Amino acid sequence: MYFDKKIAFTMREKKRLNFTLQLKSIDAQGRFAGYASVFNVVDNQRDIILRGAFSQSVKGRVGEIKFLWQHQQEEPIGIFDQIFEDAHGLYVEGRLLLNVQRAKEAHTLLKAGAISGLSIGYSPLRYTIDSGSGVRRLSQVELWEISLVTFPANEAANVTVVKHASKISDGDAAAWDQAIRSGQVMELSCALDRALAALKI
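Q: Please explain the overall build of the protein as it appears in this structure.
A: Counting secondary structure elements, the protein contains five helices and nine strands. Its helices and strands taken in sequence order, the protein reads α-β-β-β-α-β-β-β-α-β-β-β-α-α from the N to the C terminus. Of all 201 residues assigned to the protein, the portion counted as buried reaches 41%. Working note: accessible area of the protein is about 11400 Å², and carbon and sulfur atoms make up 53% of it.

Below, the structure is given as structure tokens:
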């Protein structure tokens, strides 16, 4: 029997996982930082992504992960400068390319709060299925794109911080990187949200 490997690859399951994007701020150059995915959260299709699932997919491939508008492959709106896993999830730093009309529109919509969705496109590679709950636990996925979308489905992942526009020292940069990887940045952001909610600000 003739077997076409190219066809087999295109038939690999591709999925999308949506999140609410709670934008704290975004700078004038369109730069942002935050989480594209959060571990141990069950999505609306009964999938849960485990820590380590992205490690092989993103290693040395930051430039290959596309930043799209509404999952439209013909509408890239920016690039990612960093993508890596920490204790909380898949951390990303990127920027909208504001010379692109759609990216400029996305920047305006984000600042106004008119759009609030973030969605990742991926293919499941290794997983187990819980016989009781039916939840699929993904231990390895292939990440191929991250999109800004209009209608989110899960509130776990968000853009939490924006990098400072001016140059920072090597020592400050190292401290910042360590704080991100240890989850301290996310913890501080969540603590601030709780405080503001308590004060009803």
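So that's the structure; there's more coming.
Q: Explain the confidence of the model for the protein here, please?
A: Fine structural detail should not be taken from predicted coordinates in areas where pLDDT scores are low. Averaged over all residues, the pLDDT of the protein equals 74, while 61% of them reach at least 70. Across residues 20-25 the pLDDT falls below 50, and counting only partners more than four positions away or on other chains, this stretch makes 24 contacts in the model.

Q: Sorry, what's going on with the nonpolar core here?
A: Counting residues in hydrophobic clusters, the biggest one holds 28 residues, and the most contacted among them are Phe54, Ile146 and Leu148. Elements supplying a minimum of two residues to this core: strand E2 (31-38), strand E4 (66-69), strand E5 (72-85), strand E6 (89-96), helix H3 (101-112), strand E7 (117-129) and strand E8 (136-149). Looking at which element gives the most residues to this core, the answer is E8, with five residues. Grouped together as the second largest cluster of nonpolar side chains are five residues, Ala33, Val38, Phe84 and Tyr91 included.

Q: Would you take a moment to explain H3 for this structure?
A: For H3, which comprises 12 residues, the first-to-last C-alpha distance of 17 Å matches the rise-based estimate of 16 Å (1.5 Å per residue) to within 8%. Close packing links the buried residues of H3 with E4, E5, E6 and E8. In the stretch just after H3, glycine 113 is the one whose phi turns positive, near 75 degrees.

Q: Teacher, can you tell me more about the packing of aromatic side chains here?
A: By convention here, two paired aromatic rings are described through the distance between centres and the angle between planes. Within the structure shown, the criterion is met by three aromatic pairs. Ring plane angle 45 degrees and centroid distance 5.0 Å describe the contact between phenylalanine 67 and phenylalanine 80, whose orientation is recorded as tilted. With phenylalanine 67 in strand E4 and phenylalanine 80 in strand E5, the pair connects residues that are 13 residues apart, well separated along the chain. Comparing phenylalanine 67 with phenylalanine 80 shows no difference in burial state: the two are buried. Relative to tyrosine 91, the ring of phenylalanine 84 lies with its centre 5.1 Å away and its plane at 40 degrees, an arrangement referred to as tilted. The same class applies to phenylalanine 84 as to tyrosine 91, namely buried. Cation over ring: arginine 136 sits above tyrosine 127, and NZ or CZ is 4.5 Å from the ring centre.

Q: Please explain the environment of alanine 33 as it appears in this structure.
A: As for its position among the elements, alanine 33 is in strand E2. When the C-alpha atoms of alanine 33 and glutamine 82 are compared, they prove to be 9.0 Å apart, with 49 residues separating the residues in sequence.

Q: How should I be thinking about the pattern of salt bridges in this particular structure?
A: Note on pairing: side chains with opposite charge can pair once their charged atoms come close. In total, this model carries five salt bridges according to the counting rule given. Arginine 61 is the salt-bridge partner of glutamate 64, the closest N and O atoms lying 3.1 Å from each other. A relative accessible area of 19% places arginine 61 in the buried class. A salt bridge links aspartate 81 to arginine 95; its shortest N-O distance comes to 3.2 Å. Here aspartate 81, found in strand E5, pairs with arginine 95, found in strand E6; they are 14 residues apart in sequence, far enough to count as distant. By relative accessible area, which is 30% here, arginine 95 ends up partly exposed. Ionic contacts of the salt-bridge type, sharing partners, join the residues Glu75, Arg102 and Glu105 into one network.

What counts and how
Residues numbered from 1 in each chain as written. Predicted model: local features only at pLDDT ≥ 70, side-chain atom pairs only at ≥ 80, totals over all residues. Heavy atoms only, no water. Helix = DSSP H or I, 4+ residues; strand = E, 2+ residues; numbered from the N terminus. Buried < 20%, exposed > 50% of the residue type's maximum accessible area, 1.4 Å probe, protein only. Areas by Shrake-Rupley, 256 points an atom, 1.4 Å probe, with all protein chains shown as cover. pLDDT = per-residue confidence, 0-100. Contact = heavy atoms within 4.5 Å. Core = buried A, V, L, I, M, F, W, Y, C linked by side-chain atoms within 4.5 Å. Expected span 1.5 Å × (residues − 1). Phe/Tyr/Trp six-rings, centres within 6.5 Å; stacked < 30°, edge-to-face > 60°. Lys NZ or Arg CZ within 6 Å of the ring centre and 35° of its normal. Salt bridge = Lys/Arg side-chain N within 4 Å of Asp/Glu carboxyl O.

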